[in-house]
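# Survey of secondary and tertiary structure
Residue strings, one per chain:
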Amino acid sequence: MRRVLSALMAVIVMFMLIAPIKAQATCPDDVLAYMNAERSAAGLPGFTVDDTLSDIAAVRAVECSTRFSHIRPNGKAWYTVSKSTNGENLAHAVNVNQQKPENVVLAWMLSPTHKANVLRETFSSVGIAYYYSDNGETYIVCEFR
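Residues numbered from 1 in each chain as written. Predicted model: local features only at pLDDT ≥ 70, side-chain atom pairs only at ≥ 80, totals over all residues. Heavy atoms only, no water.

## Focus: the nonpolar core
- Core analysis: the largest hydrophobic core is formed by 18 residues, its most contacted members being Met35, Trp108, Val126, Ile128, Ile140 and Phe144.
- Among the secondary structure elements, those contributing two or more residues to this core are α2 (28-41), β2 (87-93), α5 (101-110), β3 (125-132) and β4 (138-144).
- Ranked by the residues each element gives to this core, the list is headed by α5, at four residues.
- Excluding anything up to four places from it in sequence, isoleucine 128 contacts Pro28, Val31, Leu32, Met35, Ser54, Ala57, Ile140, Val141 and Cys142.
- Counting seven residues, the second largest nonpolar core, distinct from the first, contains Ala57, Ala61, Cys64 and Ala129. (Core = buried A, V, L, I, M, F, W, Y, C linked by side-chain atoms within 4.5 Å. Buried < 20%, exposed > 50% of the residue type's maximum accessible area, 1.4 Å probe, protein only. Helix = DSSP H or I, 4+ residues; strand = E, 2+ residues; numbered from the N terminus. Contact = heavy atoms within 4.5 Å.)

## Side note on the environment of phenylalanine 68
- For phenylalanine 68, the location among the structural elements is in the loop between α3 (51-66) and β2.
- Note: C-alpha distance between phenylalanine 68 and histidine 92 (24 residues apart in sequence) is 7.6 Å.
- Beyond its immediate stretch of four places on either side in the chain, phenylalanine 68 contacts Leu90, Ala91, His92 and Tyr139.

## Concerning the sheet that holds β3
- On the basis of which strands lie adjacent, the open sheet formed by four strands has the order β1-β3-β4-β2 and mixed pairing. One side of each edge strand has no neighbouring strand; the edge strands of this open sheet are β1 (48-49) and β2.
- Sheet topology note: the β2/β4 ladder contains seven bridges and is antiparallel. Of the residues in β4, the one forming a bridge with alanine 91 is isoleucine 140.
- Relative to the sheet, α2 contacts β1, β3 and β4, its axis offset from that of β3 by approximately 135 degrees.
- Helix-sheet contacts for α3 involve β1, β2, β3 and β4, and the interaxial angle to β3 is about 35 degrees. (Pairing = 2+ DSSP bridges. Axes fitted to C-alpha atoms, helices over the stretch in contact; angles between N-to-C directions.)

See the structure below:
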């Protein structure tokens with residue numbers, strides 16, 4: 001019996017070493033939590049999630065996999081995606097570390113224009129989406145209102 005268990009454990013360990021493990025970025029809720037921590041530190045109320053903005057962010061995340069820019073693939077400005085959005089932050093992650101919510105928000109906080117969106121007093125709700133492309137890269141979009 002012991003021999004069978006040892007063999008079974010060896011097979012499991014071999015499978016774990018051979019089979020690639022695909023790490024997925026944490027959910028948009030964690031990006032929201034980090035942004036709300038930044039807002040709290042600045043004395044601002046936290047963002048709430050808006051489902052309409054989340055849908056818009058999902059559209060923009062897919063678009064960014066084609067053209068990573070605040071200019072949409074059709075050549076129009078980011079805000080033409082919907083009249084519901086008043087601000088946009090983008091992130092492009094090429095590895096698992098860059099996908100981590102704390103690193104996404106840190107990158108935004110190190111950019112004056114992205115930080116301004118996170119800390120803008122007139123913004124109260126967001127929609128956040130991750131898009132995982134076939135080439136392993138990830139696109140993260142936050143739409144603000």
